[in-house]
Amino acid sequence: MRIRNSRLGNTIEAKKKVNLIAMGVIGVLVFGILVAEVVGLIAAFTNEGTSKNVLRVLWMGIGLFATLLLSGGFFLLWILRVRLNRKYRWAMSLFGTEDVGILDENAFALKAGKRLLALRKKDGKHAFFRHKTAFVVSMGVRSVRGIDATVSSSSLHAMNLAICECLEQAYGRSDILFGASERGHFLLYIEIEEDQAASMKEALTRFADEMVETFDARGDLPPIAVLFGAAEANFPRDDIESTMAHADFALAHNAGNRLSGDFQVYDAQMVKEEAGRRSLDEEVGRAIENEEFQIYYQAKWDVKNARFYGAEALIRWKHPTRGVLPPTSFIPYCESSSKIVEIDHYVFDRVCRDLAEWNQEGKRKIVVSVNLSRRTVYDPNLLPFLEETLAKYRVSPSQFEIELTESLAAQNVVFISAIIRRIRALGFTTSMDDFGVGYSSLSSLKNIPFNVLKIDKSFIDDIEIDARSASMVHSIIDLVHALGMHVIAEGVETHRQVEILGSLGLDAIQGYYYCRPLEATRFSQFLENNIFEPRKKAEKKEVYNDPTRR
């Protein structure tokens, strides 16, 4: 594969050999000069007459000058050898071969810097007619293969070589400069008209889609997601190094996204947000250690059997100074960092502990749904963690329902289908949460083997006054039942909504009408004594049939 602007090819080893020979020659010359210097000085000291001091100074000067000159050459060759070794390690670590011509980060910075300087000089001559601006784009490509498929070194090399080919095909004949960093990011230097930033974003998003399709079509490469971080070189403040750093920062800020093609442009506000996020990460870490997070439960009502069969686990933060915080005040920030995985693990662990206590006390066995975030679903340690935690508390997976949002399911149907099957194989029930919020897809319902679908509150709010909403909910229920799934409506708040949903054939209901989220102790008391269920003593010992498993 040949890529313009730089051609490493097989020249790294050749350059290293030439460099080594040159260093050897210089070393021999230095040794010879030193020997000659010693001989000359001996001769100067043994000479008699007035020329003795002159000869001594002459030999010392010639020797010193030659030694310094050759030593400087030797030092430069040594620096060149270090750079060649670094370039070799870079090529081998990213591509598994030195026979690749894409620019490394240093060469990219050098050439991009020259272009940026030329652009500024040109604009300086025509300050009133400035039309062009420069962007550095940092492109991150990651594998989204199945959860147990760790990308090997050979697969990573094949991925990076394929990315180079895609870059060459897309931009090889253009003025766009591209390279790769030691961190595995790919870099692009783009000069555009000042009003064409949106077009650049669209073009890069199309390129990301084409690259994803190319990987899928080849079959020997894992599915990928492509993310972008971009930074504009603001005149005259930013040099190429700071612009590259800003682009990398924007990419890191965008790393929480999994939807391929996501594009983030650097903004100074991001630095403040990042500082706030780091501060929040520290607080969250302390909160987990101090068990400041509390689990609340909201009951689920089985319409057919007229009783509560389970609940959804919800998290609250009992902050030492700010009081009880809802998840909306910290979950969005945590979702952009690894802390969300720790929070999800914390919730699952605490729910297991509560279920173990209730089972030991002989209380009603219920099914608790736990929502997993995007990062947690893609975490390769998810399944081992679930198994280990269940074994730790001796709780059956049949008492759990794992919830994934519809937006997550829509992003990568193949991967989500595989992970759902593996979760179900462990004995868990699975559900699609927030159905109908922006990503509604009938193909997702057909292809992903969920047990349960939860209709979002937005469908329920106006069901009492809008016949079309009722018809839509009815159609969803019939469709989901035809696919062998059960349907839950969330956000139900009135008795009339309960009546309508019951008449439409709904399986279960969750909402304020029956129960607000309650702490574990209060929720347990609510199940024992509530106004909705018939009070029968024998009922407590009854083994309940979960409607989602009928």
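Rules used in this analysis
Residues numbered from 1 in each chain as written. Predicted model: local features only at pLDDT ≥ 70, side-chain atom pairs only at ≥ 80, totals over all residues. Heavy atoms only, no water. Helix = DSSP H or I, 4+ residues; strand = E, 2+ residues; numbered from the N terminus. Buried < 20%, exposed > 50% of the residue type's maximum accessible area, 1.4 Å probe, protein only. Contact = heavy atoms within 4.5 Å. Areas by Shrake-Rupley, 256 points an atom, 1.4 Å probe, with all protein chains shown as cover. Core = buried A, V, L, I, M, F, W, Y, C linked by side-chain atoms within 4.5 Å. Phe/Tyr/Trp six-rings, centres within 6.5 Å; stacked < 30°, edge-to-face > 60°. Patch = residues over 30% accessible without salt bridge, like charges linked within 9 Å, V, L, I, M, F, W, Y side chains within 5 Å. Salt bridge = Lys/Arg side-chain N within 4 Å of Asp/Glu carboxyl O. Lys, Arg positive; Asp, Glu negative; His and termini not counted. Charge placed at Lys NZ, Arg CZ, Asp CG, Glu CD. Polar contact = N/O pair within 3.5 Å; in protein donor to acceptor, adjacent residues only side chain to side chain. Pairing = 2+ DSSP bridges. Axes fitted to C-alpha atoms, helices over the stretch in contact; angles between N-to-C directions. Parallel < 35°, antiparallel > 145°, perpendicular 65-115°, else oblique. Left-handed = near helix turned anticlockwise from the far one by under 90°. Nonpolar A, V, L, I, M, F, W, Y, C, P; charged D, E, K, R; others polar. Expected span 1.5 Å × (residues − 1). Arc of directions from axis to C-beta.

(A) Fine view of the overall build of the chain. Along its length, the chain carries 18 helices and 15 strands. Residues classed as buried in the chain amount to 47% of the 550 residues present. Pairs at least 24 residues apart make up 72% of the contacts formed inside the chain by residues separated by at least 6 positions. Accessible surface, the chain as shown: approximately 27,600 Å² in total, 55% of it carbon and sulfur.

(B) Examining the nonpolar core more closely. Counting 84 residues, the largest nonpolar core has Phe293, Tyr297, Ile343, Phe348, Val351, Phe400 and Leu453 as its most contacted members. For this core, the leading source of residues is helix H9 (residues 339-360), giving 11 residues. In this structure, Leu453 is in contact with Met432, Phe435, Leu445, Ile476, Val480, Met485, His486, Val487 and Ile488, ignoring residues within four places of it in sequence. Listed in part, the 34 residues of the second largest apolar core include Ala162, Phe186, Met200 and Phe263.

(C) Layout of the packing of aromatic side chains. Applying the stated criterion to the full structure yields 22 aromatic pairs. With a centroid separation of 6.3 Å and an interplanar angle of 55°, the aromatic rings of Phe348 and Phe428 are classed as tilted. Separated by 80 residues along the polypeptide, Phe348 in helix H9 and Phe428 in the loop between helix H13 (413-425) and strand S11 (429-435) bring together distant segments of the chain. In this pair, the class of Phe348 matches that of Phe428, namely buried.

(D) Geometry of a negative patch on the surface. A cluster of acidic side chains, namely Glu193, Glu194, Asp195 and Glu232, defines a negative patch on the protein surface. By the element assignment, Asp195 lies in the loop between strand S3 (186-193) and helix H5 (197-218).

(E) Local environment of the side chain of Asn530. You can see Asn530 is positioned in the segment after helix H18 (520-528). Overall, the relative accessible area of 5% leaves Asn530 in the buried class. In this structure the side chain of Asn530 is engaged in a polar contact, spanning 3.5 Å, whose partner is the backbone oxygen of Leu527. Looking at Asn530, its side chain comes within polar contact range of the side chain of Glu533, at 3.0 Å.

(F) Here's a closer look at the side chain of Ser431. Within the secondary structure, Ser431 sits in strand S11. Note on Ser431: relative accessible area 0%, which makes it buried. At 3.2 Å, the side chain of Ser431 forms a polar contact with the side chain of Glu401. Not counting chain neighbours up to four residues away, the residues in contact with Ser431 comprise Glu401, Ile402, Glu403, Leu404, Phe450 and Val452.

(G) Representation of the pairing of strand S7 (residues 307-319). In terms of residue burial, S7 counts as a mostly covered element, since 12 of its 13 residues are buried. Between strand S6 (residues 293-302) and the antiparallel strand that follows it, S7, lie four residues; Ala306 among them carries a positive phi value of about 55°. Two strands pair when backbone bridges link them, and S7 and strand S9 (residues 367-371) are joined in this way by three bridges, in the parallel orientation. Bridge pairing in S9 places Gly310 opposite Val367. When S7 meets strand S8 (residues 323-325), the two strands line up antiparallel, connected through three bridges. Residue pairing in the sheet places Trp317 in a bridge with Leu325 of S8. Where S7 hands over to S8, the hairpin turn is made up of three residues, counted between the paired strands.

(H) Here's a closer look at the packing of H9 against helix H11 (residues 382-393). Relative to each other, H9 and H11 sit at 25°, their axes nearing to 9 Å. As the angle between them shows, H9 and H11 are arranged roughly parallel. For the element pair H9 and H11, the recorded crossing hand is right-handed. Residues His345, Phe348, Asp349, Cys352, Arg353 and Ala356 of H9 lie in contact with H11, whose contacting residues are Phe385, Leu386, Thr389, Leu390, Lys392 and Tyr393. Looking at the contact of H9 with H11 residue by residue, the classes come out as seven nonpolar, two polar and three charged.

(I) Here's a closer look at the pattern of salt bridges. For the structure on display, the rule yields 15 salt bridges. Here Glu533 makes a salt bridge to Arg364, at a shortest N to O gap of 2.9 Å. One end of the pair, Glu533, is in the segment after H18; the other, Arg364, is in the loop between H9 and S9, and 169 residues separate them in sequence. Lys454 is the partner of Glu490 in a salt bridge, and the nearest nitrogen-oxygen pair spans 3.4 Å. Separated by 36 residues along the polypeptide, Glu490 in strand S13 (residues 486-490) and Lys454 in strand S12 (residues 452-455) bring together distant segments of the chain. Each of Lys300, Glu312, Glu401, Glu403, Lys454 and Glu490 takes part in a single network of salt bridges with overlapping partners.

(J) Geometry of the environment of Ala247. Here Ala247 lies in helix H6 (residues 240-253). Distance in space between the C-alpha atoms of Ala247 and Gln264 is 8.8 Å, their sequence separation being 17 residues. Those residues in contact with Ala247, other than ones at most four positions away along the chain, are Val136, Ser138, Gly229, Ala230 and Ala231.

(K) Structural context of H13. Spanning 13 residues, H13 covers 18 Å between terminal C-alpha atoms, matching the ideal 18 Å at 1.5 Å per step. Residues of H13 that are buried include every one of Phe415, Ile416, Ser417, Ile419, Ile420 and Ile423, and no others. A positive phi of about 110° marks Gly427, the residue just after H13.

(L) Here's a closer look at a nonpolar patch on the surface. On the surface, Ile21, Val25 and Leu29 cluster together into a nonpolar patch covering about 280 Å² of accessible area. Within the secondary structure, Ile21 is located in helix H1 (residues 11-46).

(M) Structural context of helix H17 (residues 495-503). Where H17 is concerned, the buried positions are Gln497, Val498, Ile500 and Leu501. Considered in projection along H17, the buried side chains sweep an arc of 165° and stay on one side of the axis. The secondary structure elements touched by the buried residues of H17 are helix H15 (457-460), helix H16 (467-482), S13 and strand S14 (508-510). Of the residues flanking the end of H17, it is Gly505, one or two places downstream, whose phi is positive at about 90°.

Just distances and angles here, no functional claims.
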